[in-house]
Amino acid sequence: MSTRALRRLKGKQRGQEALDLGDLTLGDTPEEQAEAEEEQLDTANVSPSNKKSDGRKAKKSKAQKNFSNIYELIGSTDIEGEKISADEEAEKPNRNKTSDPAKNDNRDTDKLDQKHEEESAKPPGDRVKKKKKKKKTKVTSEDGQEAAADDNIDLLLENLEQSNGLNLQNDDSGVSDRRPVLHVEHRNLNSETELKRYFGARAVLGDQRPRQRNRQFHRSTWMTSPKDSWPRFSRPGISMTLLETKDGVHYFTFEHSREYQQVQFKFLDAVESMDPNNIVALLQLNPYHIDSLLQLSDVCRIQEDQEMARDLIERALYSFECAFHPLFSLTSGTSRLDYLRPENRAFYLALYKHMMFLEKRGCPRTALEYCKLILSLDPDSDPLCMLLLIDFLALRSREYQSVLQLYQDWEEHRNLSQLPNFAFSTALCHFHLSQQENMDPEESHKQRHKADQLLQIALIMFPAVLMPLLDLCTVQPDAAVTSHSFFGPNSQIRQLPALAELTGLYVGRTCTLWREAAVMLWLEEMVKEVLRRVDAKDPVVEDCQNKRKQRYQSAPRNIHRHVLLSEIKEATSTLPLEVTTQPVMGFDPLPPLDSVISYTRPERPRVGASNESTLSLFFRSLLPNFNIQDPPRQEDDMEVARAGQELNQEVNRLMVAMRDMLANIRFQEPPREDNPYRDDDEWD
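The structure displayed is predicted, hence computed values, not measured ones.

A. Spatial organisation of the overall build of the chain. On a plain count of helices and strands, the chain comes out with 31 helices and three strands. A burial count over the chain gives 37% of its 684 residues as buried. Within the chain, contacts between residues separated by at least 24 positions form 71% of all contacts whose residues are at least 6 apart in sequence. Summed over its atoms, the accessible surface of the chain is roughly 43,400 Å², and 50% of this surface lies on carbon and sulfur atoms.

Quick look at the structure:
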């Protein structure tokens, strides 16, 4: 404790004095009486020019008179500094007029006598502590609401996001009192927020709290938290530029500096060498090179080093976030990145890989937030086809209303009902809502009826989903189902390749959601109802069959890219040959055919010609300067003719030498055996 604080403490103890009853008056408070006396003196004896200075002195003397403790004086200044509402000022005189002065005087004298007796019996130190405690509680009670509103940073951020956010809905279906479909919250981008909700802050941050004192300084980021084990961060050469602003939407792009481009060329050479050690060596010199981090993360994941793979992806996201433009926002929904530019693709892939690590880690709510973030960067073209994944993450995090809201708002212009995942997921959302205990019975019945209708339509539209789904759920279907032509093997054989790709992706990803006993019983009832409608020649069955034949002729390139990134074997086995026969790089899988190239890789000089004939390679071994594929040099005609003559002479000499060598070859006959009856046992 400093000497100044000690002096204050001593002065506080010396200033403790017992209250004198003679100083106390009844009726109004001491402050009001002091103000009245000061006003009378001012009007009688003081000129108007000195009213302000005397008023200040009066307030100062009043404070000194009423407070014998300096800490009470400090607390009172905070209270006096607060603004009093006009309603409270208007109520004060009315209260004084309506109250009975005689009753108030009697009550005040009784309370003051009792208080004086209690305080005189206690030592001075206890009275001071009691006064301080009362003053603290008074201040906190008056300012509780304001302090809570100021300290709640998450609430302020949420209000800011709601005011500046872009509603990515249709104009017809937009409702002002609900959040946008792709609403992203900053706090949900951190996986620790979800882990704290599951296990508590003590379990999540128990080991990290003591280390926070000695940690290094890092830039504050939303997506990842920098670790002390990471290399020291330096600008890798990535920057973000604002291209244009149109209708309130900002279009950005990442750019690579000259130095970063040289590192990118070295990375491509390392990839072509097919040796991961070359990528490791490159990362040692450039620890925040994005494509190297993505490629090495795939190598670590294949080697089952999940922790290192996740750490490399987080390092890449941290490098990206440090390069953000000041106007780029993760949550507003007004920031766009074009996937056609190779510089932007790495950011998409880093977000996707980080999202999948979060889902496997058991944080589906955080993964859902990243899925909405990726979709908001380019909702029109959806380069990674996040619409095939967002419903699964919402169901896992039990965000049923968000799936229904997205389906309702985007069905008109995106035809989400033609995707198997949304056809089944919307029905599953209505079913789970009907099973909630706090729902009204009538509303629950409506939700269940809606779920039944949607699931029947989904089974009629996509009958090839049922049998693989039951197989992955380890459920033996009924004989009436397997023998029926609608759900039997013919439904799998007659399925178009594009539709088989979508159904295989949905079944392989969401089979765990259908393993619940209640869900499986509900599915069994709906399958029987669908078979009844098929046997009754329902026109809906024929209509859905015609739609399947007209649509799903070929899948777009973004669906193939999503299947490759998902690595679900039920879907990858259905990919067409034009996708499986070409090489797929982890840092840029299936790039767009109409890419926007900002810089090109220089051509490497070819050390050796791989398509040379055997004779030319033989000549090269004899004559190191001989190269049949070298372009003609700019020489004089005489020099060219002389070189040709020398080459012909060398070739002729070589041919003569080879002819002589072949002519002088003599084959020696093997010796005859004189004893044909020799025993074979004589030889070892």
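B. Examining empty space enclosed by the protein more closely. For the coordinates displayed, the defined rule picks out six cavities of 30 Å³ or more. Taken as a whole, the largest cavity spans an internal volume of roughly 80 Å³. Listed by contribution, the elements that provide at least two residues to the lining of the largest cavity are α16 (364-377), α17 (390-396) and α18 (400-414). For the lining of the largest cavity, a count of residues per class yields seven nonpolar, one polar and two charged.

C. Layout of the pattern of salt bridges. Per the stated rule, a full pass over the model turns up 21 salt bridges. A salt bridge links Lys227 to Asp311, with the shortest nitrogen-to-oxygen separation between them at 3.2 Å. Note that Lys227 is positioned in the loop between α10 (201-205) and β1 (238-246) and Asp311 in helix α14 (residues 306-321), a separation of 84 residues in sequence. Under the relative-accessibility criterion, Lys227 is labelled partly exposed at 28%. Residue Arg310 is joined to Glu307 by a salt bridge in which the shortest nitrogen-to-oxygen separation is 2.9 Å. With a gap of three residues between them, Arg310 and Glu307 both fall in helix α14, about one helical turn apart. In this structure, a network of salt bridges that share partners links the residues Lys227, Glu307, Arg310, Asp311 and Glu314.

D. Geometry of the pairing of β1. Sheet topology places β1 next to strand β2 (residues 249-256); eight bridges connect them, and they run antiparallel. Residue pairing across strands places Lys246 opposite Val249, the latter belonging to β2. In this structure, the hairpin formed by β1 and β2 is closed by a connection of two residues, where Asp247 is found at a positive phi of approximately 55°.

E. Structural view of the packing of aromatic side chains. Inspection of every chain in the model, using the stated rule, returns 19 aromatic pairs. With centroids separated by 4.5 Å and ring planes inclined at 10°, the aromatic side chains of Phe431 and Trp522 adopt a geometry described as stacked. Of this pair, Phe431 sits in helix α19 (residues 420-434) while Trp522 sits in helix α25 (residues 517-535), and the two are 91 residues apart along the sequence. One exposure class covers both Phe431 and Trp522, and it is buried.

F. View of the side chain of Thr426. The topology assignment puts Thr426 in helix α19. Accessibility expressed as a relative area gives 2% for Thr426, which makes it buried. Polar side-chain contacts of Thr426 include one of 2.8 Å to the backbone oxygen of Phe422. Those residues within four positions of Thr426 in sequence are excluded, and the remaining contacts are Leu404, Tyr407 and Leu454.

G. View of the side chain of Asp291. Within the secondary structure, Asp291 is located in helix α13 (residues 290-302). No salt bridge is formed by the buried Asp291; the nearest opposite charge belongs to Arg345, separated by 9.1 Å. Within polar-contact distance, the side chain of Asp291 engages the side chain of Gln264 at 2.5 Å. The residues touching Asp291, leaving out its near neighbours within four places in the chain, are Tyr260, Gln264, Phe267, Ala346 and Phe587.

H. Spatial organisation of α25. Its 19 residues give α25 an end-to-end C-alpha distance of 28 Å, which sits within 8% of 27 Å, the value for a rise of 1.5 Å per residue. Three or more residues of α25 are buried, namely Val519, Met520, Trp522, Leu523, Met526, Val527, Val530, Leu531, Arg533 and Val534. The inward-facing, buried residues of α25 contact α19, α20 (441-461), α21 (466-472), α22 (479-482) and α26 (539-550).

I. Focus on the nonpolar core. In this structure, Phe347, Met355, Trp514, Trp522 and Leu523 are the most contacted members of the largest nonpolar core, which totals 132 residues. Broken down by element, this core gets its largest block of residues, eleven residues, from helix α15 (residues 342-361). Counting contributing residues per domain, this core is built from domain 1 (190-198 + 223-231 + 240-384) and domain 2 (399-554), each supplying no fewer than three.

J. Region of interest: the environment of Ile460. Following the sequence through the fold, Ile460 ends up in helix α20. Residue class for Ile460 comes out buried when judged on its relative accessible area of 0%. Separated by 80 residues in the primary sequence, Ile460 and Val540 place their C-alpha atoms 8.0 Å from one another. The contacts of Ile460, once residues within four sequence positions are left out, are Phe486, Val530, Arg533, Val540, Val541, Cys544 and Arg548.

K. Spatial organisation of the sheet that holds strand β3 (residues 335-337). One open sheet holds the three strands; their spatial order is β1-β2-β3, and the pairing between them is mixed. Since the sheet does not close on itself, it has two edges, and those belong to β1 and β3, each with one partner. Here the strands of the sheet are splayed against their neighbours by 35° on average, with no regard to which way each runs.

L. Molecular detail of the confidence of the model for the chain. In the predicted model, the chain carries a mean pLDDT of 75, and 62% of its residues have values of at least 70. Taken as a whole, residues 12-30 scores under 50 in pLDDT and shows 22 contacts with residues more than four places along the chain or in a different chain. Every residue in residues 210-214 scores below 50 in pLDDT, and together they form zero contacts with partners more than four places removed in sequence or on other chains.

M. Region of the structure containing helix α12 (residues 276-285). Among the residues making up α12, those that are buried are Ile279, Leu282 and Leu283. In a view along the axis of α12, the buried residues occupy a sector of 100°, so they form one face of it. Projecting away from the buried face of α12 at angles above 90 degrees are the exposed residues Asn277, Gln284 and Leu285.

N. Summary view of the packing of α14 against α15. In the contact formed by α14 and α15, the axes pass within 10 Å of each other and the chain directions differ by 140°. When the axis of α14 is compared with that of α15, the two are oblique. Both α14 and α15 take part in a crossing whose hand is left-handed. On α15, the residues touching Gln306, Ala309, Arg310, Ile313, Glu314, Leu317 and Phe320 of α14 are Ala346, Phe347, Ala350, Leu351, Lys353, His354, Phe357 and Arg361. Broken down by class, the residue content of the contact of α14 with α15 amounts to nine nonpolar, two polar and four charged.

Calculation criteria
- Residues numbered from 1 in each chain as written.
- Predicted model: local features only at pLDDT ≥ 70, side-chain atom pairs only at ≥ 80, totals over all residues.
- Heavy atoms only, no water.
- Helix = DSSP H or I, 4+ residues; strand = E, 2+ residues; numbered from the N terminus.
- Buried < 20%, exposed > 50% of the residue type's maximum accessible area, 1.4 Å probe, protein only.
- Contact = heavy atoms within 4.5 Å.
- Areas by Shrake-Rupley, 256 points an atom, 1.4 Å probe, with all protein chains shown as cover.
- 1 Å grid on protein atoms, 1.4 Å probe; cavity = no way out; pocket = protein on both sides within 12 Å on 5 of 7 lines; lining within 4 Å.
- Points joined across faces, edges and corners; volume = space filled by probe spheres on them.
- Nonpolar A, V, L, I, M, F, W, Y, C, P; charged D, E, K, R; others polar.
- Salt bridge = Lys/Arg side-chain N within 4 Å of Asp/Glu carboxyl O.
- Pairing = 2+ DSSP bridges.
- Phe/Tyr/Trp six-rings, centres within 6.5 Å; stacked < 30°, edge-to-face > 60°.
- Polar contact = N/O pair within 3.5 Å; in protein donor to acceptor, adjacent residues only side chain to side chain.
- Lys, Arg positive; Asp, Glu negative; His and termini not counted.
- Expected span 1.5 Å × (residues − 1).
- Core = buried A, V, L, I, M, F, W, Y, C linked by side-chain atoms within 4.5 Å.
- Domains from an automatic or database assignment.
- Axes fitted to C-alpha atoms, helices over the stretch in contact; angles between N-to-C directions.
- pLDDT = per-residue confidence, 0-100.
- Arc of directions from axis to C-beta.
- Parallel < 35°, antiparallel > 145°, perpendicular 65-115°, else oblique.
- Left-handed = near helix turned anticlockwise from the far one by under 90°.

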